[in-house]
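Each chain, letter by letter, is given below.
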Amino acid sequence: MRRILLVLLGASLLVGLPSSASAEQGDMDIQLLRPTFAPWGLLSTPGARPGRQWTVRAGVMIQYERAPLVVLNQEEEIAKVVSDRVGFNLGGYVTLFDGFGLGLSIPLYAQGGDFTNYDVPGFALGDLRLDVAYRLLDLGLIALAVRSDFFFPTSTKNAFAGERLPRAAPAVTVEFGVPRFSGVFEINSMIRQRVHTGYDFDMAIELGLLVGLKAWAVRNKLMIMAELSSRASVHRFLTGPTENPVDIRGGVRFFPIEQIGVDLVVGTGLNAGYGTAAARVMLGVTYRRLPPVVEEHDDPPEEEMFADIPEDEELPEEPEPEPEPEPEPEPVLAELKEDDDRIEIKEPIQFEFNSDVLLEASYPVLDQVRAILEERGDIAFLLVEGHASFEGTVDYNWDLSNRRAASVFRYLVENGINARRLSYRGMGEAAPRAGGAAEEALAENRRVEFRILHWIDKNKEVQPNWDLNKPPIPWLMPEPEASGEAPKPPELEVEQPDEGSEEDQR
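Positions within a chain are numbered from 1, following the residues in the order the chain's sequence is written. Reporting of local features is limited, given that this is a predicted model, to residues whose pLDDT is at least 70; pairs of side-chain atoms are given and counted only at 80 or more, and all residues count toward the totals for whole chains, interfaces and linings. Where side-chain values are given, they derive from all heavy atoms of the structure, hydrogens and water being excluded.

Our focus in this paragraph is the overall build of the chain. If you tally the helices and strands in the chain, you get 4 helices and 20 strands. A buried classification covers 44% of the 506 residues belonging to the chain. Of the contacts formed within the chain by residues at least 6 apart in sequence, a portion of 65% connects residues at least 24 apart. By the criteria applied, helices consist of DSSP H or I runs no shorter than four residues and strands consist of E runs no shorter than two, each listed in order from the N terminus. With a 1.4 Å probe rolled over the protein chains alone, any residue whose accessible area is under 20% of its type maximum counts as buried; one over 50% counts as exposed, and the rest are partly exposed. The contact criterion used is simple: two residues touch if any of their non-hydrogen atoms lie within 4.5 Å.

The structure is reproduced here in structure tokens:
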């Protein structure tokens, strides 16, 4: 892995070493939004999680840009060198192994302009682009990757579609958040020869910044994305808009079926920098192949052995056994609500009066919650949340709700759920579900909820085997042998209300 990283960064520097040779006026790549085909990327960056091995995405991105290159006299526009451009980006991306991705794409352009001093070719081929990314680490809520784009001179000459020498664009990418909502922060660069345009604008080595956000509006169906990107030339670093373009875009990606994705993007430039479009629209259609989910199974049962029976031997007819009555279906007491990130229980968790002791009547509900966790290993972190009504004092309500949530936590852990997947907290009376002082409202506010805070995206990472490496359960561990008795922490003293007072709680 270290060797891959060194080769990646070293190749970026070698391929893109600046040259003192000048280029023709049109031998410059003005493209600002270069769409990525990375399976889990945003609009122009693959992010820091290339995905699991043999994840593949390929297709076409069609992009229209209005006036991406104009000639200005001070602030007044003189002409549009490129007035309209339609780019057809053909490409694909494959994750060769977990955390290492490789993409390849090439653009084709149809364009026009009204600058009499320069005749823009109507059709042009862009530079071939190779995208290499390697994830350095993934801590769940944050991931770090290094990557680089490599550009090879395959473009049509003098078409503002590419450059005459190879280029490299190394970057460091940080991705943070949970699978449902995450952000990307990227620092990148463009290492190239200096391009003399003949006007008050030269292209040189650039530094870039990209900030992006993505969120699943409907899990695995509809994603909302937004990006803000800028690049600054070291030749005139942040001293003028021409060499320092800033662009913003947003869009959606939806999957009518699991294998087919459709992107719809709009954007605009925020200043007069080269490559910023007055209007930008992109439509993409891609095919996506996901690797099979790796799940651990028990050893398959041994093959059953059947004795050979001669064909001419007739077996005595056995009376057909009477069919057993079908068992009544078990009532659904807990149900997974993926879109709401929670487990919904159909009956309340019950406790002894003014106590955190679970009643046996609630065991079937908790057993179904446990069964959901055992079946859905992609639920990585579940929060048990206790709530109380407002009859008691604020301190007492908070303590009681916290102890009751802890009792549910202990029940699930003692019955086989890995403690690393669970936590609990008490909310007291801070988040009532119903208003009023009627008993029905008070009973509804005394509740336990199950919130899913983190999912494992099985398409990007291997689901852990939660039955292995379970942490020990402290309250079930045997007491250590010692000469003296270990000190016990002081018990929390809570003022209990009188049983007949208005502060009673169930």
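Moving on from the model shown.
Next up on the list: helix H2 (residues 363–375). Because each turn of an α-helix spans 3.6 residues, side chains separated by three or four positions in sequence point in the same direction. Look at H2: 18 Å from first C-alpha to last across 13 residues, which is about the 18 Å you get at 1.5 Å a residue. All buried positions along H2 are accounted for by Val 365, Leu 366, Gln 368, Val 369, Arg 370, Ile 372 and Leu 373. If you follow the buried residues of H2, they end up packed against strand S16 (334–337), strand S17 (342–345), strand S18 (379–387), helix H3 (394–414), strand S19 (422–426) and strand S20 (447–455). Given a helix with a known number of residues, its expected span is that number minus one, times 1.5 Å.

A fitted line through C-alpha atoms represents every axis, and for helices the fit uses only the stretch in contact; the resulting angles, taken between N-to-C directions, go from 0 to 180 degrees. One can describe the packing of H2 onto H3 by two numbers: an axis separation of 10 Å at closest approach and a directional angle of 60 degrees. Relative to H3, H2 is oriented oblique. Crossing handedness for the pair H2 and H3: right-handed. Taking contact as the criterion, the partners of Tyr 363, Leu 366, Asp 367, Val 369 and Arg 370 in H2 are, on H3, Val 408, Tyr 411 and Leu 412. In the scheme used here, Gly and all other residues not listed as nonpolar or charged are polar, with Ala, Val, Leu, Ile, Met, Phe, Trp, Tyr, Cys and Pro taken as nonpolar and Asp, Glu, Lys and Arg as charged. The residue inventory of the contact of H2 with H3, partitioned by class, reads 6 nonpolar, no polar and 2 charged. Oblique is the label for any angle not covered by the other classes, which are roughly parallel (under 35 degrees), roughly antiparallel (over 145) and roughly perpendicular (65 to 115). Left-handed describes a crossing whose near helix is turned anticlockwise from the far helix through less than a right angle; right-handed describes the clockwise counterpart.

As a further point, take the sheet that holds S19. When DSSP finds at least two bridges between two strands, those strands are taken to pair. In space, the 5 strands of this open sheet follow the order S16-S17-S20-S18-S19, with mixed pairing throughout. Each having just a single partner strand, S16 and S19 make up the two edges of the open sheet. Across this sheet, the average inter-strand angle for adjacent strands is 25 degrees, counted without regard to direction. Here 4 bridges tie S16 to S17, and the two strands are oriented antiparallel to one another. Bridging from a neighbouring strand, Ala 334 pairs with Ile 345 of S17. Of the strands in this sheet, S16, S17, S18, S19 and S20 touch H2, which is tilted by about 35 degrees from S16. Sitting on the sheet, H3 touches S18, S19 and S20, and the angle it makes with S19 is about 165 degrees.

A rise of 1.5 Å per residue sets the reference length of H3, with its 21 residues, at 30 Å; its end C-alpha atoms lie 30 Å apart and thus fit the reference within 8%. For H3, the tally of buried residues reaches 15 of 21 residues, placing the bulk of the element in the interior.

Here the focus is the side chain of Asn 89. Residue position: Asn 89 is located in strand S2 (residues 76–97). The buried category is assigned to Asn 89, whose relative accessible area is 10%. Discounting residues that sit within four places of it in the chain, Asn 89 has contacts with Pro 35, Phe 37, Gly 59, Val 60, Met 61, Gln 63, Ile 106 and Pro 107.

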